[in-house]
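# Geometric and topological summary
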Amino acid sequence: MKKKHITMIMLVAIMFLGAVNGKIVDTDKVNEEKKVATWKEVPIKNGISFSKCSGIEQFDLKNNIKNSDYIFSGEVVSTKEYEVEWTDNHGEKWGPFPSSIIEVKIKDEYYGASPIKGNTIKVYYPYSLSTVFDGSFVIRDRMEYIFVTQNLDNEFKERKKKLAPDDNFQQEKHADVYISDSCYDIMAIEHNKVILHNDYFIWNKNAMNKVKKKYFVQKDIILSNDLIENGWFVVLSKEDFDKEFSNMIKNMDKLPNLKELEEIKMSKNN
């Protein structure tokens, strides 16, 4: 069974916020097991606020692909936002923390197999949909995206139990898969064009030669055109993307590692 990484972004935020907001109670009154997490649905704000990119770690292309379970495209059917809170084994209260569920009708499959029967899957998004991070997409209903996901399965629960025993989000009760990073694990599809972070193909001259140089996002609500103009994001036709991404999946062992990718990016800037 392949080794996977846990969502360190989410864990760091949980541990930090829990330490700040947690309230210790009399340990004599502590239950032996954690209480069930409470998921309270809250409205997604109409006015989107922007924040710094959520990424903590540098993008590791090879591990990001190899650690994924299921990569697919689909149309967003619905989006819901929640506030999650629980009490841990020590009687400490955690939360409320923002979490979101994106329901997607599966269209194309690029890697792995769907963990569900049927063609509608629920994606756990560990942030508020009312906040958009620099370098990531606004998620809208009835728009199409590509998701790089991992399964919310027993292996996930065991990793979480070992690495973050106080984490009781219970995502697996509400979704089927999850994404780790809002900046890299989501790509947008618009007018048969795929918009994605340039780190996916910056090392691939053949793919970069197919980039649409003067493409402007038609729906400016999903991404700032400045990110395309400055080269942070690139645009390929869906046909070119499918071909290049499929080749990348087939040859993932030959993908540049973190160090090699950073060297390539530095050489491009010189």
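Let us look at the structure shown here. Here the residue numbers are simple positions, counted from 1 along each chain's written sequence. Per-residue local features are limited, in this predicted model, to residues with pLDDT of at least 70; the limit for side-chain atom pairs, both in listing and counting, is 80 or more; totals at the level of whole chains, interfaces and linings are taken over all residues. Computation of side-chain values covers all heavy atoms of the structure but excludes hydrogens and water.

## Observations regarding unusual backbone geometry
Residue Pro96 is reached from Gly95 by a cis peptide bond, and omega for that bond is 5°. Positionally, Pro96 belongs in strand E4 (residues 93-112). The backbone phi angle of Arg142 is positive, close to 70°, even though this residue is not glycine. Looking at where Arg142 falls in the secondary structure, it is placed in the loop between strand E6 (131-133) and strand E7 (144-151). Positive phi values are uncommon outside glycine, yet Asn192 reaches one of about 60°. Strands are runs of DSSP state E lasting at least 2 residues, helices are runs of H or I lasting at least 4, and numbering of each runs from the N terminus. Positionally, Asn192 belongs in the loop between strand E9 (186-190) and strand E10 (193-197). Throughout, exposure labels follow a simple rule: accessible area from a 1.4 Å probe, protein chains only, divided by the maximum for the residue type, with under 20% read as buried, over 50% as exposed, and the rest as partly exposed. Asn192 sits in the exposed class, given a relative accessible area of 54%.

## What to know about the side chain of Ser78
Relative to the helices and strands, Ser78 is located in strand E3 (residues 70-87). For this analysis, residues touch if any pair of their heavy atoms sits within 4.5 Å. Not counting chain neighbours up to four residues away, the residues in contact with Ser78 comprise Ile101, Ile102, Glu103 and Asp141.

## Quick look at helix H3 (residues 154-163)
Those residues of H3 not exposed but buried are Phe156, Arg159 and Lys160. For H3, the buried positions fall inside an angular range of 100° around the axis, keeping them on one side. Exposed residues on H3 whose side chains face more than 90 degrees from its buried face are Asn154, Lys161 and Lys162. Buried positions along H3 lie against E7 and strand E8 (177-178). Nitrogen and oxygen atoms within 3.5 Å of one another constitute a polar contact, given that in protein one can donate a hydrogen and the other can accept it, and given that sequence-neighbouring residues count only through two side-chain atoms. Taking the backbone nitrogen of Glu155 as reference, a side-chain oxygen 3.3 Å away marks Asp153 as the first, capping residue of H3. This arc is built from the directions going out from the helix axis to the C-beta atoms.

## So, the nonpolar core
Nonpolar cores are built from buried Ala, Val, Leu, Ile, Met, Phe, Trp, Tyr and Cys residues. Side-chain atoms within 4.5 Å join them into one set. By size, the foremost hydrophobic cluster in this structure holds 28 residues, and its most contacted members are Tyr145, Phe147 and Ile195. In this structure, Leu61, Ile189, Val234 and Leu255 belong to the second largest nonpolar core, which totals 27 residues.

## Topic: the pairing of E10
By the criterion of burial, E10 is predominantly enclosed, with four of the five residues buried. Whether two strands pair comes down to DSSP finding at least two bridges between them. What sits between E9 and E10 in their antiparallel hairpin is a turn of two residues, with His191 showing a positive phi close to 50°. When E10 meets strand E11 (residues 233-237), the two strands line up antiparallel, connected through five bridges. Across the sheet, Ile195 pairs through a bridge with Val235, a residue of E11.

## Remarks on the environment of Ser136
Here Ser136 is to be found in the loop between E6 and E7. Residue Ser136 is classed as buried on the basis of its relative accessible area of 4%. Sequence spacing of Ser136 and Ile186 is 50 residues, and the spatial spacing of their C-alpha atoms is 7.8 Å.

## Side note on the pattern of salt bridges
Side chains carrying opposite charge are able to pair once their charged atoms draw close together. Counted as salt bridges are all cases of a side-chain nitrogen of Lys or Arg within 4 Å of a carboxyl oxygen of Asp or Glu. Counted according to the given criterion, the structure contains 10 salt bridges. For Glu144, the salt bridge goes to Lys107, with nearest N and O atoms at 3.8 Å. Here Glu144, found in strand E7, pairs with Lys107, found in strand E4; they are 37 residues apart in sequence, far enough to count as distant. Salt bridges sharing common partners tie together Asp108, Lys238 and Asp242.

## Concerning helix H7 (residues 258-269)
Under the convention used throughout, the expected extent of a helix is 1.5 Å for every residue step, that is, one less than its residue count. For H7, which comprises 12 residues, the first-to-last C-alpha distance of 17 Å matches the rise-based estimate of 16 Å (1.5 Å per residue) to within 8%. The N-terminus of H7 is capped by Asn257, whose side-chain oxygen sits 3.2 Å from the backbone nitrogen of Lys259.

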